[in-house]
Amino acid sequence: MNFGRGCGTLGKLTEIKQTPLPPLTPGTLYLVATPIGNLEDITLRALRVLKECDVVAAEDTRHSGQLLKHFGISKPLLSYFQFNEARRSEEILERLRRGETVALVTDAGSPGISDPGQRVVSAAHAAGLRVEAVPGPCALVAALTASGLPADEFHFVGFLPHKSGQRRRQLERLRTVPGTLVFYESPYRIVKLLEELTDLYPTRKTLLARELTKKFEEFRAGLAGQLLEEMRARSVRGEFVVLVGPEPE
């Protein structure tokens, strides 16, 4: 048996582990993806940025405070959310101008993907400040890759409008969009969405992904009408990712 080659590889891995990592870049806004359910999904890089940054800008400081506490991290928390994002953006930019490092997180997933963050990022770019993504969990990617639907071309919609007329018009416009359609939906409106999909997309394969990465993760696939009957017959909980495949040939 040849142990030399294996030992050499182990030596290289040990050398890589012992190589000191570069410090965070002053004046940088770090967009840190956080777990969407399973806490094991946080990355080593995300943990390092959260440990070494000067301040964490969080959508919900109580929620993010619990996440930091779970991993033994203590950092000042700055609240930003949909209704104060414009005002908080300037405070965050001022910190970046002073050379501070700011880690921006949402309650779950990647900042700016159907969550606050886009305004802060746009403002940082407009001010000529540095922005760096720390990628990780994202419900969109998790659901799409596990769905079996075409992922070479897809259109991410996020949450549809709450008003029925606006929702209907947007769904009608999307009928001509090629590839897989991806929506986010709450348990309170999933039946309404499936009713609309049954009417507008009756022959297209539809998939519901619920409670992704959590204990009760579930995937249900079929035609929208079939899924509608299932959802009507049960108590619905948890956030959904809804995927609609292309029109069958």
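Above this text is the structure in question.
Throughout this description, residue numbers start from 1 for each chain and increase along the sequence as written. In keeping with the predicted nature of the model, local features appear solely for residues at pLDDT of at least 70, side-chain atom pairs appear and are counted solely at 80 or more, and the whole-chain, interface and lining totals rest on all residues. Computation of side-chain values: all heavy atoms of the structure, hydrogens and water removed.

Help me out: how do you make sense of the nonpolar core in this one?
What tends to happen in soluble globular proteins is that the nonpolar side chains get buried as a cluster. Ranked by internal contacts, the top residues of the largest apolar core, which has 21 residues, are L171, F183, L194, L197, Y201, L208 and V242. Where helices and strands are cited, they refer to DSSP runs of H or I of at least four residues and of E of at least two residues respectively, numbered from the N terminus. At the level of elements, helix 7 (164-174), strand 7 (180-185), helix 8 (190-200), helix 9 (224-232) and strand 10 (240-244) are the ones that each hand at least two residues to this core. Ranked by residue count, the leading element in this core is helix 8, at 5 residues. If near-sequence neighbours (up to four positions away) are discounted, L171 is found in contact with L160, F183, L193, E196, L197, L200 and Y201. The term nonpolar core refers to a set of buried residues drawn from Ala, Val, Leu, Ile, Met, Phe, Trp, Tyr and Cys, joined through side-chain atoms within 4.5 Å. Think of it in three bands: residues with accessible area under 20% of the maximum for their type are buried, residues over 50% are exposed, and the middle band is partly exposed, with areas taken using a 1.4 Å probe on protein chains only. The criterion used for residue contact is that any of the two residues' heavy atoms lie within 4.5 Å.

So what exactly am I meant to see when it comes to the sheet that holds strand 3 (residues 77-79) here?
Backbone-to-backbone hydrogen bonds pair the strands of a sheet. The strands run either parallel or antiparallel. For two strands to pair, DSSP has to find at least two bridges joining them. Read from one edge to the other, the open sheet built from 5 strands follows the order 3-2-4-1-5, with strand pairing classed as parallel. In this open sheet, the two strands that pair with only one neighbour each are strand 3 and strand 5 (130-134). If you compare each strand with its neighbour and ignore which way they point, the axes differ by 25 degrees on average. Of the strand pairs in this sheet, strand 2 (residues 55-58) and strand 3 are connected by 3 bridges, and their pairing is parallel. Across the sheet, the residue bridging to V56 is L77, located in strand 3. With respect to the sheet, helix 3 (residues 61-70) is in contact with strand 2, strand 3 and strand 4 (102-105), its orientation differing from that of strand 3 by roughly 155 degrees. Contacts from helix 4 (residues 85-97) reach strand 1 (28-32), strand 2, strand 3 and strand 4 within the one sheet, and its direction differs from that of strand 3 by about 145 degrees. Only the stretch in contact is used when a helix axis is fitted, and all axes are lines through C-alpha atoms; the angle between N-to-C directions ranges over 0 to 180 degrees.

Just checking my understanding: could you explain the pattern of salt bridges for this structure?
Side chains that carry opposite charge are capable of pairing whenever their charged atoms lie near each other. Criterion for a salt bridge: a side-chain nitrogen of Lys or Arg within 4 Å of a carboxyl oxygen of Asp or Glu. What the rule picks out here adds up to 21 salt bridges. One salt bridge connects R97 with E90, and the closest N-O pair in it is separated by 3.1 Å. Residue R97 is classed as partly exposed on the basis of its relative accessible area of 43%. The salt bridge involving E218 is made with R234; its shortest N-O contact spans 3.1 Å. Here E218 is found in strand 9 (residues 218-223), whereas its partner R234 is found in the loop between helix 9 and strand 10, with 16 residues between them in sequence. A relative accessible area of 18% means that E218 is categorised as buried. Because the salt bridges share partners, they merge into one network encompassing R210, E218, R220, E230 and R234.

What is the right way to read the pairing of strand 2 from this model?
Here is the key point about a regular strand: its side chains alternate between the two faces of the sheet. Side chains of strand 2 alternate between two faces, with V55 and A57 and V56 and A58 buried alike. In this sheet, strand 4 lies alongside strand 2 in parallel orientation, the contact comprising 4 bridges. From the neighbouring strand, V55 faces strand 4, where its bridge partner is V102. Regarding the hand of the β-α-β motif, the stretch spanning strand 2, helix 3 and strand 3 is right-handed. With its strands directed away from the observer, a crossover is right-handed exactly when the path from the first strand over the helix to the second travels clockwise.

Before we go on, may I ask you to explain the packing of helix 7 against helix 8 in this structure?
Any two packed helices are characterised by the angle at which their axes cross and by the distance between the axes. Viewed as axis vectors pointing N to C, helix 7 and helix 8 meet at an angle of 40 degrees, and their least axial separation amounts to 11 Å. As judged from the angle between their axes, helix 7 and helix 8 are oblique. In this structure, helix 7 meets helix 8 at a crossing whose hand is right-handed. Where helix 7 abuts helix 8, its residues S164, R167, R168, L171 and E172 lie against K192, L193, E196, L197, D199 and L200. Gly counts as polar in this scheme, as do all residues outside two lists: the nonpolar Ala, Val, Leu, Ile, Met, Phe, Trp, Tyr, Cys and Pro, and the charged Asp, Glu, Lys and Arg. Here the contact of helix 7 with helix 8 is built from residues that sort into 4 nonpolar, 1 polar and 6 charged. Note that the term roughly parallel is reserved for angles under 35 degrees, roughly antiparallel for angles over 145, roughly perpendicular for angles of 65 to 115, and oblique for everything else. The sense of a crossing depends on the near helix, which, turned anticlockwise from the far helix by less than a right angle, makes the crossing left-handed and, turned clockwise, makes it right-handed.

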